[in-house]
Amino acid sequence: MTPSKPPRVRFAPSPTGNLHIGGARTALFNWLYARKHEGVFVVRVEDTDKERSLPEYEENILENLEWLGIDWDEGPQLTKNLELKTENELGKFGPYRQSERSEIYEKYAKKLIEEKHAYWCFCTKEEIEAMRQSQMTQGQPPKYSGRCRGVPTSEAEKRMSDGESAVLRFKMPEAKVSVNDMIRGKTVFDLSLSGDIVIARSLDDPLYNFAVVIDDSEMQITHVIRGEEHFSNTAKQVALIEALGFHVPHYAHMPLILNPDKTKMSKRFSDTAVSEYKKDGYLPEALFNFLALLGWHPSAEQSADENGEEREIFTKDELVKLFEIERVQKAGAVFNGQKLDWMNAQYIKSLSQKDLLVAIKNVSTIPDGLSESQIDRLLSFSMERMKKLTDFIELSDFFFELPDYEPKMLIWQDAPASVVAETLESVEKIISNVSDDSFNANRLLEVLSEISDRVGRGAVLWPLRVALSGKEASPGPFEIMDVLGKNETLSRIGVAIKKLGSIGGDLGL
RNA sequence: GCUCUCAUCGUCUAACGGCUAGGACGCCGCCCUUUCACGGCGGAAAUCGGAGUUCGAUUCUCCGUGGGAGCACCA
């Protein structure tokens, strides 16, 4: 289904927290839809909740959107300091922050009052809450009774000027609305179940449902693509849209991202902030790819490579081409961190060493002490075992400093410590005869081949590798020696021989 | 409680109403390898249940069961 005109879509986060994985995916699908159909992607900041909205959250959201490679055509721009100025915005439908759009909301609030679609309500929160409780216990759907519906506007205005506090309610029509969702199909909602909702605390202080509808209309949004948690808001919003005389946009409600226990994704099971993933060493391309495939998938034919094999690693451009919103899954998707790790590893392996080093330096501090070329070689041994950029440090820390290890780790199978020590001594001797400038992996392999063949490869190479790395799992001994250089190599072998001496000859366990 | 909604391996998913229900992650085994990882090969693993429509249902309809979301002066 291709829209007739270029679509205008939006991501409308509320700056009450950092960019959430779920939010990132919503933004991503909006972006994919806009790019696919050559439309416009708008970011609008929904900061009508003054209590909870914070500029640093807006900053975090924008920053991480950008990090993920989700660029927007209209909306607030990232500023390096915390002064988030309207003048920096992109697009002609601004301001793109709801807190700066009060006059617009006020205009429509007045219009609704004038046309008798809205009225002032003087019921207190306590009264409403009590009503709600009794309705619930009676098995009734909780909704406002409409008690203040009859208060004439003139009387309401007088009471307010006398200091009584009031909220603006929308007269919900007794009707059914039908929503045709691009993902979920047609659904009929009964508006009489929701009652007269509060749309503003005062003329210039709108609530979510009211503000969204006005902004989407003013910003000429054609397709509203958002999370499933908004699905039941849609009916109320359509009623509001009709009262205001706006056009009803197309809707698409995305399934939720779930915890392993199938509830809405939360911090209880995994990190939820995109910035955490950035910090932990995930590549934006990997997270992008992973998120795109969470709840959506191209058809088997589309995903096949030249050999007809199905694949899951796609570039952004490929995803844009392949994306079809109709193929978005209806059921929620559990967030599978292991698969993300795998995908991240794939992307790490595809990087050039130069780019990988840059990426690693963005998230970790590489200890001093090794030359550029040594680090390059280190990278080539480590990159295929890294799942995250931050793994590099753990994987290669033994190059910078030999960790303390148990002497018995040096023992190959059940060889006596004295024999292992002898072998290492022979190796030490052979290595010390290699000149400094020919001290490289190939040459070392050559000079050690005789003793390995004679004594056994495992018997020579296992203790040697442990001596060099202090670890059970590490790159091969020749590669390590190559990076370490002759002096450090010999010194580490010396340490090992000393350790073996401490065991004594009879540890045949 | 009320409204809406969803249902294929453990997880993400593929499959004009028609094959032994395919792939990926993870898991297991084998190979490669001094170790770990990478890589290669192989394996276990799913259509929630019951009716109906049909020559034939994973696919269409209904019921049931189970899950989820929403029901604010939050968004």
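Residues numbered from 1 in each chain as written. Chains lettered and ligands numbered in written order. Predicted model: local features only at pLDDT ≥ 70, side-chain atom pairs only at ≥ 80, totals over all residues. Heavy atoms only, no water.

In the annotation of an unreviewed UniProt entry, chain A is listed under the name Glutamate--tRNA ligase. Its UniProt record gives chain A a comment under Function (unreviewed entry), which states: "Catalyzes the attachment of glutamate to tRNA(Glu) in a two-step reaction: glutamate is first activated by ATP to form Glu-AMP and then transferred to the acceptor end of tRNA(Glu)." Taken verbatim from the UniProt record of chain A, the Catalytic activity (unreviewed entry) comment is "tRNA(Glu) + L-glutamate + ATP = L-glutamyl-tRNA(Glu) + AMP + diphosphate". (UniProt positions renumbered as here; feature names shortened; annotations may be inferred.)

A separate point is the domain arrangement of chain A. Domain boundaries in chain A define domain 1 (100–254), domain 2 (274–393) and domain 3 (407–505). Here the C-alpha centre of domain 3 lies 36 Å away from the C-alpha centre of domain 2. With five residues of domain 2 at the interface, the matching set in domain 3 holds six residues. Carbon and sulfur atoms supply 64% of the area that domain 2 and domain 3 bury against each other, a total of about 540 Å² over both sides. Considering only the side of domain 2, the residues that lose the most area to domain 3 are Arg-377, Phe-381 and Arg-385, jointly responsible for 75% of the buried surface there. Taken together, the connections running from domain 2 to domain 3 amount to one salt bridge. Notably, a salt bridge pairs Arg-377 with Asp-482, separated by 2.1 Å at the nearest N-O pair. Remark: the boundary between domain 2 and domain 3 carries two residue pairs in polar contact (both at pLDDT 80 or more). For the side of domain 2 that touches domain 3, the residue count by class is two nonpolar, one polar and two charged. (Domains from an automatic or database assignment. Contact = heavy atoms within 4.5 Å. Buried area = accessible area lost by both parts, 1.4 Å probe. Salt bridge = Lys/Arg side-chain N within 4 Å of Asp/Glu carboxyl O. Polar contact = N/O pair within 3.5 Å; in protein donor to acceptor, adjacent residues only side chain to side chain. Nonpolar A, V, L, I, M, F, W, Y, C, P; charged D, E, K, R; others polar.)

Once that is clear, we can look at the packing of aromatic side chains. Here the structure, examined in full by the defined rule, presents 11 aromatic pairs. An angle of 85° between the planes, with centres 5.5 Å apart, marks the rings of Phe-29 and Phe-323 as edge-to-face. With a gap of 294 residues between them, Phe-29 in helix α1 (residues 21–36) and Phe-323 in the loop between α11 (316–322) and β12 (333–334) connect regions that are remote in the sequence. In this pair, the class of Phe-29 matches that of Phe-323, namely buried. Where Trp-31 meets Phe-288, the ring centres are 5.6 Å apart and the plane angle is 90°; that geometry is what we call edge-to-face. Here Phe-288 lies in helix α9 (residues 284–292) and Trp-31 lies in helix α1, a separation of 257 residues in the sequence. (Phe/Tyr/Trp six-rings, centres within 6.5 Å; stacked < 30°, edge-to-face > 60°. Helix = DSSP H or I, 4+ residues; strand = E, 2+ residues; numbered from the N terminus. Buried < 20%, exposed > 50% of the residue type's maximum accessible area, 1.4 Å probe, protein only.)

The subject of this paragraph is the UniProt feature "domain: Aminoacyl-tRNA synthetase class I anticodon-binding" (unreviewed entry) in chain A. As recorded in UniProt, the feature "domain: Aminoacyl-tRNA synthetase class I anticodon-binding" (unreviewed entry) lies at residues 368–497. With 65% helix and 0% strand, the stretch residues 368–497 has end C-alpha atoms that lie 28 Å from each other.

Bringing the environment of Val-434 into the picture now. With respect to the helices and strands, the residue Val-434 is situated in the loop between α16 (417–432) and α17 (441–455). Judged by its relative accessible area of 4%, Val-434 falls in the buried class. A C-alpha to C-alpha distance of 8.3 Å links Val-434 and Val-447, two positions 13 residues apart in sequence. Leaving out residues up to four positions away in the same chain, Val-434 has contacts with Phe-439, Arg-443, Leu-444, Val-447 and Lys-486.

Here we come to the protein's contact with RNA strand B. Near RNA strand B, the surroundings consist of 65 residues, among which Thr-48, Arg-201, Gly-295, Arg-385 and Pro-477 are the closest. Of everything in RNA strand B that lies within 4 Å of the protein, sugar and phosphate atoms constitute 71%. Tyr-208 is positioned such that a nitrogen or oxygen atom in its backbone is 2.8 Å from a phosphate oxygen of RNA strand B. One of the backbone nitrogen or oxygen atoms of Glu-472 is found 3.0 Å away from a base oxygen of RNA strand B. Those elements that place two or more of their residues in the surface near RNA strand B are α4 (125–137), β6 (185–190), β7 (198–202), β12, α12 (337–350) and α18 (457–469). Ranked by the residues each element gives to the surface near RNA strand B, the list is headed by α18, at five residues. When its residues are assigned to classes, the surface near RNA strand B shows 26 nonpolar, 17 polar and 22 charged. (Near = heavy atom within 4 Å.)

Our focus in this paragraph is helix α7 (residues 233–244). The end-to-end C-alpha distance of α7, which contains 12 residues, comes to 17 Å, matching closely the 16 Å that a straight helix rising 1.5 Å per residue would cover. Of all 12 residues making up α7, 10 are buried, and the element is well covered by its neighbours. Those residues of α7 that fall on the buried side of the exposure criterion are Asn-233, Thr-234, Ala-235, Gln-237, Val-238, Ala-239, Leu-240, Ile-241, Ala-243 and Leu-244. Where α7 ends, the next residue or the one after it, Gly-245, has phi of about 75°, a positive value. (Expected span 1.5 Å × (residues − 1).)

Moving on to the state of the cysteines. For the structure shown, the criterion picks out zero disulfides. No disulfide involves Cys-121; its sulfur sits 3.8 Å from the nearest other cysteine sulfur, which is in Cys-123. (Disulfide = S-S within 2.5 Å.)

What follows concerns the pairing of strand β4 (residues 167–170). For strand β3 (residues 118–121) and β4, the ladder comprises four bridges, and the chain directions are antiparallel. For Ala-118, the partnering residue across the bridge sits in β4 and is Phe-170. In this structure, β4 lies alongside β7, joined through two bridges in antiparallel fashion. Pairing of Arg-169 across the sheet is with Val-198, part of β7. (Pairing = 2+ DSSP bridges.)

So, on to α9. Here α9 lies mainly inside the structure; eight of its nine residues are buried. Of all the residues in α9, the buried ones are Pro-284, Ala-286, Leu-287, Phe-288, Asn-289, Phe-290, Leu-291 and Ala-292. Those residues of α9 hidden inside the fold are in contact with α1, α2 (55–68), α8 (274–279), α11 and α12.

According to the stated counting rule, one finds 31 salt bridges in the structure shown. Linking Asp-215 and Arg-44 is a salt bridge whose minimum nitrogen-to-oxygen distance equals 3.7 Å. In this pair, Asp-215 is assigned in helix α6 (residues 208–218) and Arg-44 in the loop between β2 (40–43) and α2, connecting sequence segments 171 residues apart. Like Asp-215, the residue Arg-44 is buried in the burial classification. Through salt bridges that share partners, Arg-10, Arg-44, Glu-46, Arg-101, Asp-215 and Asp-216 make up one connected network.

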